[in-house]
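These are the residues of each chain, in order.
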Amino acid sequence: MCPRVEVNLSKIRHNTRVITKLCSKLNIQVAGVTKVFCAMPEIVQAMIDGGIEMLADSRIENLKKLDNFKIPKILLRLPMKSQAMEVIKYADISLNSELATIEELSRAARKEKKIHNIILMIDLGDLREGVWKDKILDTVKEILKLDQIKLIGIGTNLTCYGGVIPDNKNLGMLVEISNQIEKEFNISLEIISGGNSSSLYLIEKGEMPKKINHLRLGEAIVLGRETAYGHIIKNTFKDAFTFVAEIIELKEKPSVPIGEIGLDAFGNKPTFTDNGIRKRAILAVGRQDVLVDNITPFNRKIKILGASSDHLIIDVTDCEEEYAIGDEIRFQVEYGALLQLMTSGYVYKEIQ
Ligand SMILES: *Cc1c(COP(=O)(O)O)cnc(C)c1O
């Protein structure tokens, strides 16, 4: 079946094992982030077999799918107030930064006769979610008044919007804030969650502040990559996921279109270099399914020329292989492509 993503579960298990071991040496617990593969249960199981003790996803729809896995589940994206009831039902922990939402969660938890755990997010400068530093103590004070809510920790998220790299200074600040909260309110915080796959490099460098005891890791496990500098993580696989598409047209054509050039299918004005007559293949996949700048053919002699919604055009002139109609072309994927491929209903998922 094409187009398809092939998922190698043993590579996921291996990556998870390598990374959880690395973290456990520093007493860092890992929440396995499942959003990039839409929480497919087989892949989740492979993460659990590899040593994950908590699951995390940004969407409640995905956590619902994971209800059968009896390990703690974290909702990563700040809850919508309108979803409070579902958050209480399907998430054991949620990340929060808004009192109005936390109060709504408390009301929903009362209805369900539950205590809901929250991690208060602190914005250390990346400017996505989180309480700003001058409002932290006031916010905590209000949270502690809510009977059905337990503040189990604080956390931060970096390198997402602003591209800010975690270091011992900003994560050190998170630790300092946790100390301040514990002292001021005489409570202890179980979890100090120091970010996502961009925080991993600090472990290798030996610069992870001691009190950080939790990370939320997706890309590192799935693609074997730390995301602060984009380095491959030692001893992990980057090809646990492979994308495959099929050739539906194969012809020699000029490299420059004939006629007046207007706008392409996405409203951009394309430009072309004349490389003469080239052998081009059309693959039955397009921008509706995959971020085409985010995939790399395993055959390095193939060049991606462009794509419209349902067609991906590649140049195979320099390839030694004699391709034919119906042949499959294999690609390595990056995060954005994987996200889209796993979400597309037109792409088959083959578990191996
Ligand atoms: C997506 C997400 C993560 C995981 O990010 P990776 O870079 O895939 O490790 C962690 N925390 C939050 C809040 C997220 O939204």
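Residues numbered from 1 in each chain as written. Predicted model: local features only at pLDDT ≥ 70, side-chain atom pairs only at ≥ 80, totals over all residues. Heavy atoms only, no water.

### As for the overall build of the protein chain
Working step 1: Scanning the protein chain from N- to C-terminus turns up 10 helices and 16 strands.
Working step 2: Along the longest, intermediate and shortest principal axes, the C-alpha atoms of the protein chain span 75 × 40 × 40 Å.
Working step 3: Split into buried and exposed, the 352 residues of the protein chain put 49% on the buried side.
Working step 4: Residue pairs at least 24 apart in sequence account for 64% of intrachain contacts in the protein chain once pairs closer than 6 positions are excluded.
Working step 5: Total accessible area on the protein chain stands at roughly 17,100 Å², and carbon and sulfur atoms take up 49% of it.
Working step 6: With 47 positive and 48 negative side-chain charges, the protein chain shows a spacing of 4 Å between the two charge centroids. (Helix = DSSP H or I, 4+ residues; strand = E, 2+ residues; numbered from the N terminus. Buried < 20%, exposed > 50% of the residue type's maximum accessible area, 1.4 Å probe, protein only. Contact = heavy atoms within 4.5 Å. Areas by Shrake-Rupley, 256 points an atom, 1.4 Å probe, with all protein chains shown as cover. Lys, Arg positive; Asp, Glu negative; His and termini not counted. Charge placed at Lys NZ, Arg CZ, Asp CG, Glu CD.)

### Examining the domain arrangement of the protein chain
Working step 1: Partitioning the protein chain into domains gives domain 1 (9–223) and domain 2 (241–351).
Working step 2: For domain 1 versus domain 2, the distance between C-alpha centres works out to 37 Å.
Working step 3: Contacts between the two partners involve 12 residues from domain 1 and, on the opposite side, 10 residues from domain 2.
Working step 4: Taken over both partners, the interface formed by domain 1 and domain 2 buries close to 990 Å², and the fraction arising from carbon and sulfur atoms is 83%.
Working step 5: Of all residues in domain 1, Val36, Met40 and Leu223 give up the largest surface area on contact with domain 2, accounting jointly for 47% of the area buried on that side.
Working step 6: Along the contact surface separating domain 1 from domain 2 lie 0 salt bridges. (Domains from an automatic or database assignment. Buried area = accessible area lost by both parts, 1.4 Å probe. Salt bridge = Lys/Arg side-chain N within 4 Å of Asp/Glu carboxyl O.)

### Observations concerning helix α2 (residues 41–49)
Working step 1: Along α2, the positions that sit buried rather than exposed are Ile43, Val44, Ala46 and Met47. The buried residues of α2 all sit within an arc of 155 degrees when viewed along its axis, so they share a single face.
Working step 2: Where α2 ends, the next residue or the one after it, Gly51, has phi of about 115 degrees, a positive value. (Arc of directions from axis to C-beta.)

### What to know about the side chain of Arg225
Working step 1: Here Arg225 shows up in the loop between α9 (219–223) and β10 (241–254).
Working step 2: Side-chain polar atoms of Arg225 contact the backbone oxygen of Gly230, separated by 2.9 Å.
Working step 3: When residues no more than four places from it in sequence are discounted, the contact partners of Arg225 are Ser197, Glu219, Ala220, Gly230, His231, Ile232, Ile233 and Glu334. (Polar contact = N/O pair within 3.5 Å; in protein donor to acceptor, adjacent residues only side chain to side chain.)

### What to know about the side chain of Thr34
Working step 1: The topology assignment puts Thr34 in the loop between β2 (29–33) and α2.
Working step 2: Beyond its immediate sequence surroundings of up to four residues, Thr34 is in contact with Ala39, Val44, Met47, Leu55, Ala56, Asp57 and Leu66.

### Points about the packing of helix α6 (residues 136–143) against helix α7 (residues 170–185)
Working step 1: Running from N to C, α6 and α7 cross one another at 50 degrees; their axes reach a closest spacing of 11 Å. Comparing their axes, α7 and α6 come out oblique. The two elements α6 and α7 cross, and the hand of that crossing is right-handed. Facing Ile136, Leu137, Val140 and Lys141 of α6, the residues of α7 in contact are Ile177, Gln180, Ile181, Glu184 and Phe185.
Working step 2: Of the residues in the contact of α6 with α7, the class split is 6 nonpolar, 1 polar and 2 charged. (Axes fitted to C-alpha atoms, helices over the stretch in contact; angles between N-to-C directions. Parallel < 35°, antiparallel > 145°, perpendicular 65-115°, else oblique. Left-handed = near helix turned anticlockwise from the far one by under 90°. Nonpolar A, V, L, I, M, F, W, Y, C, P; charged D, E, K, R; others polar.)

### With respect to the pairing of strand β14 (residues 312–315)
Working step 1: Where strand β11 (residues 277–283) lies against β14, 4 bridges are found, and the strand directions are antiparallel. Each residue of the ladder has a partner; that of Ala281, found in β14, is Ile314.
Working step 2: Here 4 bridges tie strand β13 (residues 303–307) to β14, and the two strands are oriented antiparallel to one another. If you follow Ile304 over to β14, its bridge partner there is Ile314.
Working step 3: The antiparallel hairpin formed by β13 and β14 contains 4 residues in its connecting segment. (Pairing = 2+ DSSP bridges.)

### Considerations on the pattern of salt bridges
Working step 1: Going through the model one piece at a time under the given rule, you end up with 21 salt bridges.
Working step 2: With a shortest N-O distance of 3.6 Å, Glu204 and Lys234 are connected by a salt bridge. Highlighted residues: Glu204 in helix α8 (residues 201–205) and Lys234 in the loop between α9 and β10, separated in sequence by 30 residues.
Working step 3: A salt bridge links Glu219 to Arg225; the shortest N-O distance between them is 3.7 Å.

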